[in-house]
Amino acid sequence: MNFTAQDIAEFLNGEVDGDGSVAVNSVSRIEEGKPGTLSFLANPKYEHFLYTTQSSIVLVNKTFKAEHEIATTLIRVEDAYQSLASLLEMYEQSKPQKIGIEEPSYISKSAKLGEKIYIGAFAYIGSNVKLGDNVKIYPHVYVGDNVVIGDNTTLNSGVKIYENCNIGADCIFHSGVVIGGDGFGFAPSSANDYKKVPQVGNVVIEDHVEIGANTCVDRATMGSTIIRKGVKLDNLIQVAHNVEIDENTVIASQTGIAGSAKIGKNCMIGGQVGIVGHLSVADEVKIAAQSGIGRTIKKEGTVLQGSPAFDYAPYQKSYVLFKNLPKMREQLFDLEKRLKNLEEE
Amino acid sequence: MNFTAQDIAEFLNGEVDGDGSVAVNSVSRIEEGKPGTLSFLANPKYEHFLYTTQSSIVLVNKTFKAEHEIATTLIRVEDAYQSLASLLEMYEQSKPQKIGIEEPSYISKSAKLGEKIYIGAFAYIGSNVKLGDNVKIYPHVYVGDNVVIGDNTTLNSGVKIYENCNIGADCIFHSGVVIGGDGFGFAPSSANDYKKVPQVGNVVIEDHVEIGANTCVDRATMGSTIIRKGVKLDNLIQVAHNVEIDENTVIASQTGIAGSAKIGKNCMIGGQVGIVGHLSVADEVKIAAQSGIGRTIKKEGTVLQGSPAFDYAPYQKSYVLFKNLPKMREQLFDLEKRLKNLEEE
Amino acid sequence: MNFTAQDIAEFLNGEVDGDGSVAVNSVSRIEEGKPGTLSFLANPKYEHFLYTTQSSIVLVNKTFKAEHEIATTLIRVEDAYQSLASLLEMYEQSKPQKIGIEEPSYISKSAKLGEKIYIGAFAYIGSNVKLGDNVKIYPHVYVGDNVVIGDNTTLNSGVKIYENCNIGADCIFHSGVVIGGDGFGFAPSSANDYKKVPQVGNVVIEDHVEIGANTCVDRATMGSTIIRKGVKLDNLIQVAHNVEIDENTVIASQTGIAGSAKIGKNCMIGGQVGIVGHLSVADEVKIAAQSGIGRTIKKEGTVLQGSPAFDYAPYQKSYVLFKNLPKMREQLFDLEKRLKNLEEE
C-alpha cells in the first residue's frame, strides 16, 4: 500500500517541503534509507545523513533548518519522533491480530475470560483469574491463581505472573518478565543461617505500563509492590519487594531498586543504576547510568551521578580531576621541593 | 480466623504489653497499619510510625523502649523479624497446597517420582529424573535428563534445569531460574575466532538454597559448580562455571561471579557487585553494592567497597575527598601562588 | 571406553612425555584430579597443582617447562586449552543426540522443517517458520511467525524468538534467551507521559553465535539489530534496538549496550560494562569489567577502564592516587603549615 507525502502530511497535521506526490510503502532508518521508504530525523547527530539519504520522505521537526541542499521530500511536523510513533502505530494496527484460543492450553474452569482475547498454546490460566477484553496471552505464559488482568494488555511468550497480582489495562510485558516472585526476605538466626520470611503481599501494576524482557518485580512481604500508570521499564531490571514507582517514570536496562524504596513521578533513570532500599527519590529526578543512590533525594528535578551519587555537575568536575590526579601529585611534589629550598635558605 | 494478642504471644514465647484480648486476622506494614491487623517493628527508621499506626498489634524486640505513648498492643519478643517470619510461615502452611499431576504434562517413563508431589501442566520431566517427596514442579518447568531433586523443593513456573544437575532438599527456585547452562568457555583460535569448549560438568546445589527469579548458575567445564546449603541468591544473579559458594552466604540482586571463583561462608554481598574469576573470598566478608573484587580476599570478615574494592572505611574517606577534589585543587593553586610570592621576595 | 596417552597424543598431534600406555576414561580439573582421568594446564596460576595431581594424564603447552618432578604423564600440544576443547568436542559428539518430535508440541502447518531435527514437547513453531537441518528445539521454546533458523542451531529450553527474526547456522542459545522483544522506544508527549514507538524492525543473528542464559537482544525500531558471525555473548546481557556487534567479539555477563551503538570486530568486553547509545567502538578494543563507555572509541585495540572509561594504564594510576587521597590531603596540610611559617618569618 502506497502513501504519498501529501497523504502523510495530512494525517500528521504537517507540511510538505518538496514533492508532495512522492509515495512510500515502508520505513527505514535515515542512514540506511532506500527509495520508496520514509525516514525521520530527530537526533541532530544524524543530520548529516539527511543530505545523502536515499529515503523518499523524511519527517523533520518544524524548527529544523537545513544547512545544505536536500534532494528528498521533507514533512515538517511539531515533533518528528512523536509523528513517527503515530505512523508506526497506524501501521501496526493495520496488521492482522492474534485472536482465539490455541490448543493445548490450560484454562481453569473458574477463570473469567473477556471478549476477543488470544490465548496461545501451552499458556496456563489459574483458578479465579480474570482476563479483560482484547487481552493477548502468548504461548508459555503462566497466570497464577486469582490474578486480574485489564483490557488490551499483552503478555508475550513466557511471561510469569504469580498468584494474587493485579495487572492494569493497556500494558505490554515482554518475554521472560516475572511478576510476583518472592521478595528477598530472610531473618538471620543465631546459627548463622537464615529463616525465610514468607512473602504474603502481591504486586499491583497500573495501566499503560510496559516492562522489558526478563525484568523481575517481586511481590511485597506485606501489602503491595506498586508500579503506577505510564511507567516504562526496560529489560533485565530488578524491582524488589514493597518498592513503589510513581507515574510515568522511565528506567533503562539492568537497573536495580532495593526493597521498600519509593521512586517519584516522571523520573528518568539510566541503565545499571543501583538504588538502596528504604529511601525515597523525588519527582523528576534524573540519574546517570551506573550511578548508586544511597540516600533519600528530596529535591525535585535533581540530576545525579556517581556511586554513591551526588549532583551531576560537581561529579563531572571531580571526575575530570580524578583523571588528572597524577598531574596534581606532580604539582604537590614540585611545591614540596620548592618549599624545601626556601626553608633551607 | 482470629487470633488474640495473648494467643500470638504464647506461640512466639513473647510478652504482651497492652490489651491481650485484642484480635487480628491479617498482617500489614506498620506504615499502612489497619485495625484487625498485626505489624512488626525491626528497622529503627520506622519507629515513628509506631506512635500513630492503626495496627491492632505490633511485634517489637524485647529491648525496645518507647519514646512516646503507644495506643496499640505490643508483643515483645526476642527478635521481631524472626517472630514475624514464624507467624507468616504458620499462615502459609495453613493454606491449601498444590498436589497431583496436571495434564498435559510430559513425564519420562524412566523418571522416579516421590510422594505427594505436584507437577503442573506443561512441565517436562526428562529421562531418569528423580523427584523427592513433596516436590512442587510448576507449569513450564524443564527438568533435564538425570536430574535429581530432593524432598520438599519447589520449582516455580518456568525454571529450567539442564541435564545431570543435582538439587538438594527444601530449596525454592523462582521463575526464570536457569541451572546448568553452558559455562562461557571458548578457546581462542588462530583465525581470530573461538572454538567452544564443551562444558561436561554439572551444577550441585545443596539443601535450603533459595534462588531468585531469572538468576543463572552455569554448569562446570569439568567437575561441578557448587552452591552449599543455606545460600540465598536474589534475582538476576550470574554464577559462572566452576564457582563455589559456601554455606549461608547471601547475595543481592544483579551481582556476577566469574568462573572458578570461590566464595566463603556467611558472606554478605550487595547488589550489582562483580567478582573476577579464579580468586577466593574468605568467610564472613561483606561487600558493598556495585563493588568490584579483583583479588583474593584472605582475611575473614573484611568489609569492602569500590571498583576495584578496598577496605570500606578508607574507601569512604577517599570518596569524600574525591567529592572535594575541586577544593583541593584550589588549595594547590593558592599554595602555588603564595609560594611564588615568597620565592620572588 | 579407555584411551591411552599415546592414542590421545596422536589425535591431538601432540607428544607424550612419560608413560604412553597409561589410560583414561574421563576428565577432571587438575586441582581435583583422579587416577583414570585427564586434566589440562593452561593458566599458570594452576601450575603448582601439576606436581601433586592424581590425574593420569595432563595436557600442557609445548613450551611448558617443569620446575619440579612430575609423576603424571604429560601430553605436550600447541595449545592445551584448544586441545582440551577438541577432545571434549569428540566426547560430546559421541553421545546420543536428541532427535524426533515429542508430543504435545505446536507446529504450524505452514512451517518448513529440515531433516534430522529435534522438537521437544511444548515447543511452539509459528506460521511460515523455516528450520534448517539438525536443528534442536528444546521444550518450551517459542519460535514466532516467519522466523528462519539455520542448520545445526540449538535452542535450549525456554528460548523465545519473536516474529520475523533471522537466526544463522551453528548457533547455540541458552535457556531464557529472548530475541526480538521490543526496543525501548518512547516518544515523550506534552502531558508528561510517553507514546510507544512501535518497533517494526527485527533481529538478524549470523552463524556460529552463542548466547548465554537470559540474555536479551531487542528488535530494531526500523531495520535490524545485527549480531555478526562468531560473536559470543555470556548470560544476562542486554543488547538494545539497532545495535550492531561485529564478528568474533566476546562479551561477558551482565553487560548492557544501549540503542544504535556499533561494536567492532574481535573486541573483548568485560562483565557489567555499560555502553551508551549512538556511538561506535573500534575493532579489537578491550574494556575492563564495570566500565562505562560514553563516547566513540576510534582507535583500534584501545584498552579502557572506568566509568566513564579512559585508557587503562592512566586509569590504574589515577585509582592508586584515589586510594591515597587521604595521604595527599595530609601533604597539602603539611605544605600549608610550613608555608605559613615561612610567611610569618
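Residues numbered from 1 in each chain as written. Chains lettered and ligands numbered in written order. Predicted model: local features only at pLDDT ≥ 70, side-chain atom pairs only at ≥ 80, totals over all residues. Heavy atoms only, no water.

Trainee: Requested: an account of the overall build of chain A, with residues and values cited.
Mentor: Check the secondary structure of chain A and you find five helices and 40 strands. Here the C-alpha atoms of chain A give a radius of gyration of 27 Å, more than 25% beyond the 20 Å that 2.2 N^0.38 yields for 345 residues. Over its C-alpha atoms, taken along the principal directions, chain A stretches across nearly 95 × 75 × 30 Å. Looking at the 345 residues of chain A, the share that counts as buried comes to 57%. In chain A, the share of contacts with a sequence separation of at least 24, taken over all contacts with a separation of at least 6, comes to 17%. Just so you have it, chain A exposes about 14000 Å², and 48% of that area is on carbon and sulfur atoms. (Helix = DSSP H or I, 4+ residues; strand = E, 2+ residues; numbered from the N terminus. Rg over C-alpha atoms; globule rule 2.2 N^0.38 Å. Buried < 20%, exposed > 50% of the residue type's maximum accessible area, 1.4 Å probe, protein only. Contact = heavy atoms within 4.5 Å. Areas by Shrake-Rupley, 256 points an atom, 1.4 Å probe, with all protein chains shown as cover.)

Trainee: Requested: an account of a nonpolar patch on the surface, with residues and values cited.
Mentor: Residue and element names in this part refer to chain A. Taken together, the side chains of F3, F11 and M90 make up a nonpolar region of the molecular surface, amounting to roughly 250 Å² of accessible area. Position of F11 relative to the elements: it lies in helix α1 (residues 5-12). Take F11: its relative accessible area is 43%, and that puts it in the partly exposed class. (Patch = residues over 30% accessible without salt bridge, like charges linked within 9 Å, V, L, I, M, F, W, Y side chains within 5 Å. Salt bridge = Lys/Arg side-chain N within 4 Å of Asp/Glu carboxyl O.)

Trainee: Summarise the interface of chain A and chain C; cite the residues concerned and give the values.
Mentor: At the junction of the two partners, chain A supplies 67 residues and chain C supplies 72 residues. For the pair chain A and chain C, the summed buried surface comes to about 5600 Å²; carbon and sulfur atoms form 62% of the total. Measuring nitrogen to oxygen at the nearest pair gives 3.1 Å for the salt bridge that ties A:K98 to C:D145. At the junction of chain A with chain C, the criterion picks out 31 residue pairs in polar contact (both at pLDDT 80 or more). (Buried area = accessible area lost by both parts, 1.4 Å probe. Polar contact = N/O pair within 3.5 Å; in protein donor to acceptor, adjacent residues only side chain to side chain.)

Trainee: Please give an account of a negative patch on the surface that cites residues and values.
Mentor: On the surface, a cluster of negative charge is contributed by B:E115, B:D133, B:D151, B:D170 and B:D207. Topologically, B:D207 is positioned in the loop between β24 (202-205) and β25 (210-211). (Lys, Arg positive; Asp, Glu negative; His and termini not counted. Charge placed at Lys NZ, Arg CZ, Asp CG, Glu CD.)

Trainee: Please provide a residue-by-residue account of the sheet that holds strand β30 (residues 244-245) of chain C, values included.
Mentor: Residue and element names in this part refer to chain C. Spatial ordering of the open sheet is given by β10-β13-β16-β19-β24-β27-β30-β33-β36, a layout of nine strands whose pairing is parallel. The open sheet has two edge strands, β10 (112-113) and β36 (280-281), and neither has a second partner. Summarising the sheet, strand β33 (residues 262-263) and β36 pair through two bridges and their orientation is parallel. Looking at β36, one finds that I263 is bridged to V281. (Pairing = 2+ DSSP bridges.)

Trainee: Give me the lowdown on the relation of the copies chain A and chain C, citing residues and values where you can.
Mentor: Between chain A and chain C, the superposition needs a rotation of 120° and an axial shift of 0.0 Å, giving an RMSD of 0.1 Å. Considering both components of the superposition, the chain copies are consistent with a three-fold axis. (Least-squares fit on C-alpha atoms with pLDDT ≥ 70 in both.)

Trainee: Outline the pairing of strand β24 (residues 202-205) of chain A, listing residues and values.
Mentor: Two faces, one strand: in a regular strand the side chains alternate between the faces of the sheet. All names here are of chain A. Judged from the two bridges that link them, strand β19 (residues 166-167) and β24 form a sheet pairing that is parallel. By the bridge assignment for β24, N166 is matched with V204. Taken together, the four bridges between β24 and strand β27 (residues 224-227) define a ladder with parallel strand orientation. Directly across from V203, in β27, lies its bridge partner T225.

Trainee: How would you summarise the interface of chain B and chain A if you had to cite specific residues and measurements?
Mentor: Taken together, the contact pairs 67 residues of chain B with 71 residues of chain A. Carbon and sulfur atoms make up 62% of the surface buried where chain B meets chain A, a total of about 5600 Å² over both sides. Its largest share of buried area at the contact with chain A, chain B owes to B:R29, B:F322 and B:L332, together 10% of the area lost on that side. Put simply, chain B and chain A have five salt bridges between them. For the interface between chain B and chain A, the tally reads 31 residue pairs in polar contact (both at pLDDT 80 or more). Put simply, the parts of the chain that give the side of chain B that touches chain A at least two residues each are α2 (80-94), β28 (232-233), β31 (250-251), α3 (312-323) and α4 (325-344) of chain B. Counting residues per element, the side of chain B that touches chain A draws most heavily on α4(B), at eleven residues. Grouping the amino acids of the side of chain B that touches chain A by side-chain chemistry returns 32 nonpolar, 18 polar and 17 charged. (Nonpolar A, V, L, I, M, F, W, Y, C, P; charged D, E, K, R; others polar.)

Trainee: I'd love a proper account of the environment of C:G14, names of residues and values included.
Mentor: With respect to the helices and strands, C:G14 occurs in the loop between α1 (5-12) and β2 (15-17). Non-local contacts of C:G14, meaning those with residues more than four positions away in its chain, are made with C:A9, C:I75, C:R76 and C:V77.

Trainee: Give me the lowdown on the UniProt feature "active site" (unreviewed entry) in chain A, citing residues and values where you can.
Mentor: Residues and elements named next belong to chain A. The UniProt record annotates "active site" (unreviewed entry) at H241. With respect to the helices, strands and loops of the structure, H241 is situated in the loop between β29 (238-239) and β30 (244-245). The class for H241 is buried, based on a relative accessible area of 13%. In this structure H241 touches G183, F184, G185, Q199, D218, R219, A220, T221, T225, G259 and S260, once residues within four positions along its chain are discounted. A polar side-chain atom of H241 sits 3.0 Å from a polar atom in the side chain of T221. (UniProt positions renumbered as here; feature names shortened; annotations may be inferred.)

Trainee: Hey, could you go over the sheet that holds strand β29 (residues 238-239) of chain B for me, with residue numbers and the actual values?
Mentor: All names here are of chain B. The sheet built from ten strands is open, its strands ordered β9-β12-β15-β18-β21-β26-β29-β32-β35-β38 with parallel pairing. Pairing within the sheet leaves two strands with one partner each, and these edge strands are β9 (106-107) and β38 (292-293). Note that strand β21 (residues 178-181) and strand β26 (residues 216-218) share three bridges and pair parallel. Paired with G181 across the two strands is D218, which belongs to β26.

Trainee: Explain empty space enclosed by the protein residue by residue, including any values.
Mentor: Once rolled over the atoms, a probe with the size of a water molecule shows which space is left empty. Summed over the entire model, instances satisfying the criterion amount to six cavities of 30 Å³ or more. Quantified by volume, the largest cavity comes out at close to 180 Å³. Considering only residue class, the lining of the largest cavity consists of four nonpolar, 13 polar and three charged. (1 Å grid on protein atoms, 1.4 Å probe; cavity = no way out; pocket = protein on both sides within 12 Å on 5 of 7 lines; lining within 4 Å. Points joined across faces, edges and corners; volume = space filled by probe spheres on them.)

Trainee: Break down the packing of helix α4 (residues 312-323) of chain A against α4(B) for me, citing the residues and quoting the values.
Mentor: Relative to each other, α4(A) and α4(B) sit at 60°, their axes nearing to 8 Å. Of the possible angle classes, the one that applies to α4(A) and α4(B) is oblique. For the pair α4(A) and α4(B), the contacting residues are A:K317, A:S318, A:L321 and A:F322 in the first and B:L325, B:P326 and B:R329 in the second. (Axes fitted to C-alpha atoms, helices over the stretch in contact; angles between N-to-C directions. Parallel < 35°, antiparallel > 145°, perpendicular 65-115°, else oblique.)

Trainee: Hey, could you go over the pattern of salt bridges for me, with residue numbers and the actual values?
Mentor: All chains considered together, the criterion is met by 45 salt bridges over all chains. Residues A:E92 and A:K95 are paired through a salt bridge, measuring 3.1 Å at the closest nitrogen-oxygen approach. Judged by relative accessible area, A:K95 falls into the partly exposed class, the value being 35%. With a shortest N-O distance of 2.8 Å, B:E210 and A:K196 are connected by a salt bridge. Residue B:E210 is found in strand β25, and its partner A:K196 is found in strand β23 (residues 194-196); the two belong to separate chains. The class of B:E210 is buried, set by a relative accessible area of 5%. Members of the salt-bridge network, linked through shared partners, are A:E206, A:R228, A:E244 and A:K262.

Trainee: I'd like to hear about helix α5 (residues 325-344) of chain A, residue by residue, with values.
Mentor: Because each turn of an α-helix spans 3.6 residues, side chains separated by three or four positions end up pointing in the same direction. Here α5(A) spans 29 Å end to end across 20 residues, near enough to the 28 Å set by a 1.5 Å rise per residue. Those residues of α5(A) that sit buried are A:L325, A:M328, A:L332, A:L335, A:R338, A:L339 and A:L342. The buried side chains of α5(A) occupy one side of the element, clustering within an arc of 145° when seen end-on. Opposite the buried face of α5(A), by more than 90 degrees, sit the exposed residues A:K327, A:E330, A:K337 and A:E344. Check the buried side of α5(A) and you find it contacts α4 of chain A, α4 of chain B together with α3 (312-323) and α4 (325-344) of chain C. (Expected span 1.5 Å × (residues − 1). Arc of directions from axis to C-beta.)

Trainee: Before we move on, could you go through the environment of A:V204 and cite the residues and values that matter?
Mentor: All names here are of chain A. Here V204 is to be found in strand β24. Put simply, V204 and I226 are 22 residues apart on the chain and 4.9 Å apart in space, counted from C-alpha to C-alpha. Those residues in contact with V204, other than ones at most four positions away along the chain, are N166, S224, T225, I226 and I227.

Trainee: Tell me about the environment of C:Y106, and please be specific about residues and values.
Mentor: Mapped onto the elements of the fold, C:Y106 is located in strand β9 (residues 106-107). Between the alpha carbons of C:Y106 and C:N25 there is a distance of 41 Å; along the sequence they are 81 residues apart. The residues contacting C:Y106, other than those within four sequence positions of it, are A:E102, A:E103, A:A121, A:F122, C:A123, C:Y124 and C:I125.

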